[in-house]
Each structure stands twice: as C-alpha cells, then as structure tokens.
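Examination of the molecular architecture
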Amino acid sequence: MVVLIYVYGILFAATAILFVAQKVNRLIRKRKYVREHGCQPPATLHNQLPFGIDRVREMLRAAREKRFQEMMQGRYLQTGNTFQSTILGRSYIFTIDPRNVQTVLALKFKDFDLGDNRNYAFRPLLGQGIFCSDGPIWEHSRALVRPNFTRNQVADINVYDVHVSNLLRLIPRTGSTVDLQDLFFRMTIDSATEFLFGESVHTLAPHQSADASRFAADFNQAQDTLAFRIRIGPINKFHRSSEFLGAVQRSRAYVDQFVQKAIRLRQSPNHDESQNINKHYVFLNELSKKTLDATELTDQLLNILLAGRDTTASLLSMVFFTLAKRQDVWKNLKTEVDLLNGRKPSFTDLKGMSYLTWVLNETLRLYPVVPTNIRMANKDTFLPVGGGPDGNSPVFVPKGMDVVYTTYSMHRLQSIYGPDAEEFRPERWGTLKPGWGYIPFNGGPRICVGQQFALTEAGYTTVRILQQFKGIESRDPEPWMEALTLTMASKNGVKVAMIPE
Ligand code: HEM
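Residues numbered from 1 in each chain as written. Predicted model: local features only at pLDDT ≥ 70, side-chain atom pairs only at ≥ 80, totals over all residues. Heavy atoms only, no water.

Quick look at the nonpolar core now. Generally speaking, a soluble globular protein has its nonpolar side chains buried in company with each other. With 108 residues, the main nonpolar core has Ile 171, Leu 180, Phe 197, Phe 283, Phe 320, Ile 465 and Met 498 as its most contacted residues. In terms of residue count, the dominant contributor to this core is helix α13 (residues 294-325) (15 residues). Excluding anything up to four places from it in sequence, Ile 171 contacts Val 178, Leu 180, Leu 183, Ile 465, Phe 469 and Met 498. Among the nonpolar cores identified, the runner-up in size contains 28 residues, and Leu 45, Met 72, Ile 93 and Val 104 belong to it. (Core = buried A, V, L, I, M, F, W, Y, C linked by side-chain atoms within 4.5 Å. Buried < 20%, exposed > 50% of the residue type's maximum accessible area, 1.4 Å probe, protein only. Helix = DSSP H or I, 4+ residues; strand = E, 2+ residues; numbered from the N terminus. Contact = heavy atoms within 4.5 Å.)

Going through the model one piece at a time under the given rule, you end up with 27 salt bridges. Residues Asp 380 and Arg 26 are paired through a salt bridge, measuring 2.8 Å at the closest nitrogen-oxygen approach. Note that Asp 380 is positioned in the loop between β6 (372-377) and β7 (381-387) and Arg 26 in helix α1 (residues 2-36), a separation of 354 residues in sequence. Residue Asp 380 is classed as buried on the basis of its relative accessible area of 18%. A salt bridge links Asp 349 to Arg 343; the shortest N-O distance between them is 2.7 Å. (Salt bridge = Lys/Arg side-chain N within 4 Å of Asp/Glu carboxyl O.)

Despite not being glycine, Phe 51 shows a phi value in the positive range, around 60°. With respect to the helices, strands and loops of the structure, Phe 51 is situated in the loop between β1 (43-44) and α2 (53-64). You can call Phe 51 exposed: its relative accessible area is 59%. At Leu 88, a position not held by glycine, the phi torsion is positive, near 50°. Structurally, the position occupied by Leu 88 is in the loop between β2 (82-87) and β3 (90-95). Since its relative accessible area comes to 59%, Leu 88 is described here as exposed.

Glancing now at the packing of helix α14 (residues 327-338) against helix α16 (residues 354-366). Here α14 crosses α16 at 140°, and the two axes come no closer than 8 Å. Every residue of α16 that contacts α14 at Val 329, Asn 332, Leu 333 and Glu 336 is listed here: Ser 354, Tyr 355, Leu 356 and Val 359. (Axes fitted to C-alpha atoms, helices over the stretch in contact; angles between N-to-C directions.)

Attention now moves to the packing of aromatic side chains. For any pair of aromatic rings, geometry is given as the distance between the ring centres together with the angle between the planes. With the rule as written, the count across this model stands at 23 aromatic pairs. Between Phe 122 and Phe 131, the ring centres sit 6.2 Å apart and the planes meet at 5°, which makes this aromatic pair stacked. With a relative accessible area of 3%, Phe 122 lands in the buried category. Ring geometry for Phe 149 against Phe 195: centres 6.0 Å apart, planes inclined by 50°, an arrangement best described as tilted. (Phe/Tyr/Trp six-rings, centres within 6.5 Å; stacked < 30°, edge-to-face > 60°.)

The next subject is the site of the ligand. Residues in contact with the ligand amount to 25 residues; listed here are only the nearest, Arg 118, Arg 142, Asn 373, Arg 375 and Cys 448. Within the side chain of Arg 375, one N or O atom sits 2.7 Å away from an oxygen atom of the ligand. Within the residue set of the shell around the ligand, elements represented by two or more residues are α6 (135-145), α13, β6 and α19 (451-468). The element best represented in the shell around the ligand is α13, accounting for 6 residues. Within the shell around the ligand, the residues separate by chemical class into 15 nonpolar, 6 polar and 4 charged. (Near = heavy atom within 4 Å. Polar contact = N/O pair within 3.5 Å; in protein donor to acceptor, adjacent residues only side chain to side chain. Nonpolar A, V, L, I, M, F, W, Y, C, P; charged D, E, K, R; others polar.)

Another aspect to go through is the environment of Val 248. Of note, Val 248 is situated in helix α11 (residues 242-267). Each C-alpha atom of the pair Val 248 and Gly 387 lies 44 Å from the other, and the pair is 139 residues apart in sequence. Beyond its immediate sequence surroundings of up to four residues, Val 248 is in contact with Pro 124, Leu 125 and Ala 222.

Attention now goes to helix α5 (residues 116-126). Every α-helix winds through 3.6 residues per turn, so residues three or four apart in the chain are directed the same way. For α5, the set of buried residues is Arg 118, Asn 119, Ala 121, Phe 122, Leu 125 and Leu 126. Down the axis, α5 shows its buried residues gathered within 170° of arc, on one side only. Looking at the buried side of α5, the elements it contacts are α10 (210-231), α11, α13 and β6. Count one or two residues on from α5 and you reach Gly 127, which has phi positive near 55°. (Arc of directions from axis to C-beta.)

Spatial strand order, β1-β2-β3-β9-β6-β4: 6 strands in an open sheet with mixed pairing. What marks the edges here is a single partner per strand, and that holds for β1 and β4 (112-113). Pairing of β6 with strand β9 (residues 402-406) involves 5 bridges; the strand directions are antiparallel. Bridge pairing in β9 links Ile 374 to Val 404. Helix α4 (residues 98-107) contacts β2, β3, β4, β6 and β9 of the sheet and is inclined by roughly 125° relative to β9. (Pairing = 2+ DSSP bridges.)

Before going further, it helps to spend a moment on the UniProt feature "transmembrane region" (unreviewed entry) in the chain. Using the residue numbers shown here, the UniProt feature "transmembrane region" (unreviewed entry) corresponds to residues 6-25. Helix makes up 100% of residues 6-25 and strand 0%, with an end-to-end C-alpha separation of 28 Å. (UniProt positions renumbered as here; feature names shortened; annotations may be inferred.)

No protein donor other than Cys 448 (SG) coordinates the iron atom of the ligand, and that contact is at 2.3 Å. In this structure, Cys 448 sits in the loop between α18 (414-417) and α19. (Donors = N, O, S within 2.8 Å, 3.2 Å for Na, K, Ca; no water.)

Encoded structure:
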C-alpha cells in the first residue's frame, strides 16, 4: 500500500513537473518569437468590471437598440484601428486596418481558420460543406464548387428572370405601401432553389406545393437558429432544440429528394448528357458529374443556398432603401436604365452600366451584408501593424486567439474614403481604388464564389424594377437601422410606394 502511494506520488510529481516545464518552454518560445518579429501589444480596450461584464452589457444593449455596428465603430474611434479586448476571460484582437485584414485573409491564409465556433454552430444543417469547414475538407469543397461559377453560368439571366417577373407582379401600382425587403427575400429563395436544385420553391408565385412552402419555412427557421448558435459562442455545443432539429431534418430530406433524382439519372444506363442541353443551368447536375455521394451533395447545396440567398436579398433591400430616400440617386440611375429603351438587360448590358455598378458598390460599402467576421489563429503568428504606442509595430497573435475584422467600420474609414466617408455618394467609384479597404465579398482564397452571380442578379432585378416604375417614395420616416442575423438587413424592412410609368 505504502509503495503504491509512493509510486502514485512520483507519477503525480513527474506529471506536474512536465506540465510546468511545457508551460515555461512555451513562454520562452513565445517571448523569443515576439522579440524576433518586433511585436508590441496593441491598444487595450479596458474593462471597468471583472471579466468584461461591462463590455458584454454594452454589446447586448447596442444589439437590442439595433446600433451594434455603430457601437463597434465608436470603439475603433476611441482606441485606433487595432485593439485588444478581453470578454468573459477570452482575449480578442479587433482590427480594421486593411494591411492586417489582407494578412489574415490572404498573405497568412494558412495561419488562420474559421474556428470551431462557427463550424460547430453550422454543422447540424450544413454538414461538412464549404461554408463551415477548414483545411483539406474546405479545399476539397472549394475545388468541387468553384468551377460551377464560370462566366457563362453567371451570365444565364434566365435563371432568375421568371422570379423577377413574379416579384414585379406583387408590387402595387396604386401607390399603396409595400415592403420590398420581404419580396426580395422571397425572390432570392425562389431563384436560388431553381439554380441549385432545378426546381424553385416559388414563394412568390400564385401557387406553391405544400412541400416547397414547408421547406422555405423550415430553412428560414433553421437558419435563424444558426444565427443564434453562432452568437452564443462556445456554449453552442450545449444547445439542444427539438424544433431546430426537426427543421434541419426536414430541410435536408427535401434537398435529398433532388439529390437522389440526380444520382439515379446519372447512374441510369440510358443517361445522355445531351438531354440537358437547352435547359437551364442546374448546379446539382453539374456537381453530380464530380461526386455521387448523396450527403456531400446535400451538404454543398445547403451551404450555397445559405451563402447566396439572404446576402443577395439584403443587398437589394439596402439599394432600394437608399433609392427611396435619395431621389437624386434614383434619377441618375433611371437615366441610365432608360437608355435600354425598355429592353430587358443582358449580362453585357449590366456590365456596361457604370452608374448601376457604382450604386451597388456604394451600397455594399456603407451596408456590407457581412459586417463583421472572425478568424482564429491555428498557430502562433503575427499581424504586420497595430502594435506599440504609434500602432506601427507588428502584433503577436497566439495560437487559438480570434481576430475580429469589422468590415462595416473599415468601409467608413476617412483615411480611405475621405471626409465624406459616411455619405452615400456613388460617384466616388469613378476614381476610387480602395484595395483591401473594401471587402464586401471577403478576399483571398476564401473570397465569395458567388460574387458575380449576386451582382448580376441584383443588377438585373434593379434594372427591371426601374423600367416599370417612374418613381419611388419612402414610407418609412426613420433612418436605416440594422437587423443582424447571419447577415445584415434593414430592421424596418423597405417600406415604399412605387409610382408606375
Ligand atoms: C451580395 C451578395 C453576397 C455577398 C455580400 C457575399 C459575401 C460573402 C462573404 C463576405 C463571404 C466570406 C464569408 C467567410 O469566409 O466568412 C462569402 C463566402 C461565400 N459566398 Fe458569398 N456573398 C454574396 C452572395 C453569394 C451568392 C449569390 C453565392 C452563391 C450562389 C455565394 C456563395 C458563397 C460561398 C459558397 C462562400 C464560401 C466560400 C469559401 O469559404 O470558400 N455568395 N460571401
């Protein structure tokens, strides 16, 4: 017995010594790394209460009052473009310096991951798809998905033409108030499901199948819960909800029907590729040329639906919110649209419409659909600037630390956009070249694959609406207020009256 206690004692002591030695060794290596790269600590956002409870309260209040982005901008104005903050015992680096953002997203891409939080929060619905994986799994997804967004496919306006027509039918011509944001969200799920599965859920059409309506409702509910799960951070591992799981299960089962059909078709001995010629482009058909793994196909389709649907709807909502408040911008855009003499725009027409491009750019600048993002260091690394009293020294980022970059605040930096940075002025895009100071679609190897698709759909929809109406009136006296879910939209929708030609 005594011998046993003695042996356990030695084992315990040895483990403790090893643990301390590892810690000391890590500290020495960290110090050496910091010295070698000339790293200095960034400015600190000091807490008044233990664990940064005051900061959490401030954030919750700002979120409740729909001014979270404004609050973040205030913090950068107070501390500078890069600062460190400790919230509930965890340290974060916040930055809006384009050089740091470029480092995280491109130059040192391999040093950063999305992090467990996001991947774990999204996984029940999205599996191992492109939007919630890192490393080799993400590389595989990207290689699978990316080739399906070539110029030819993006230029196929037929994919959304019918849905834009359905939307136009629902805009009152009597001067009564309509919430365009609601219509845009319905239109983009209609067009995205058609593009992805080959069959639209038709939420804007006079008649829908019960299954399709159920899917649209389930997908919305599942997506809202994902937004909640990501916000509660690491606690999401303990989040359980039978309603959420039901919505996830039904959403996946709905998509699986199309996947099984595509697999059967491709495996059929009589399968003839030319059967698809002259039909609309269908993403699932293209993807099934590369894999016949049903789970993988369902994962990727749901990932693209999530990434592509709300984002495009939010952009359109912000464009029309602004147009309703800014008659000068409406007038300039209308002049450009009228040059088409009522003809539906082609892809080439859209690319040649410079004022339209400026309006879309400026909307994404002031109202970036993804206003904040996070990357987690997967090894000790450093950012090029933000440290030391003058903010010009590199900043050490230890393995496991989150770097938050706030696109909303970066897009409003006077150092890039001038003293009128807060103003909506499309003309600035005539000469502006903001580089990494403008990242509505992110940048680097994980840049949005749907960028051209989104800009084409948003541009096409905008032009078709302007071709049918000679004016727009805001029916919302309030200024714009954020609605934050997974993306950012307008809290009060886009309440307007449209005046027909
Ligand atoms: C205005 C519309 C859109 C905006 C502003 C936008 C923005 C973004 C941003 C900021 C990211 C990076 C997210 C991150 O890494 O954390 C992203 C990724 C992505 N987007 Fe978009 N997006 C839009 C539309 C679309 C559309 C229409 C599609 C597809 C049809 C799409 C597909 C994707 C995919 C698949 C990714 C993940 C890329 C990867 O991780 O490799 N997006 N988008």
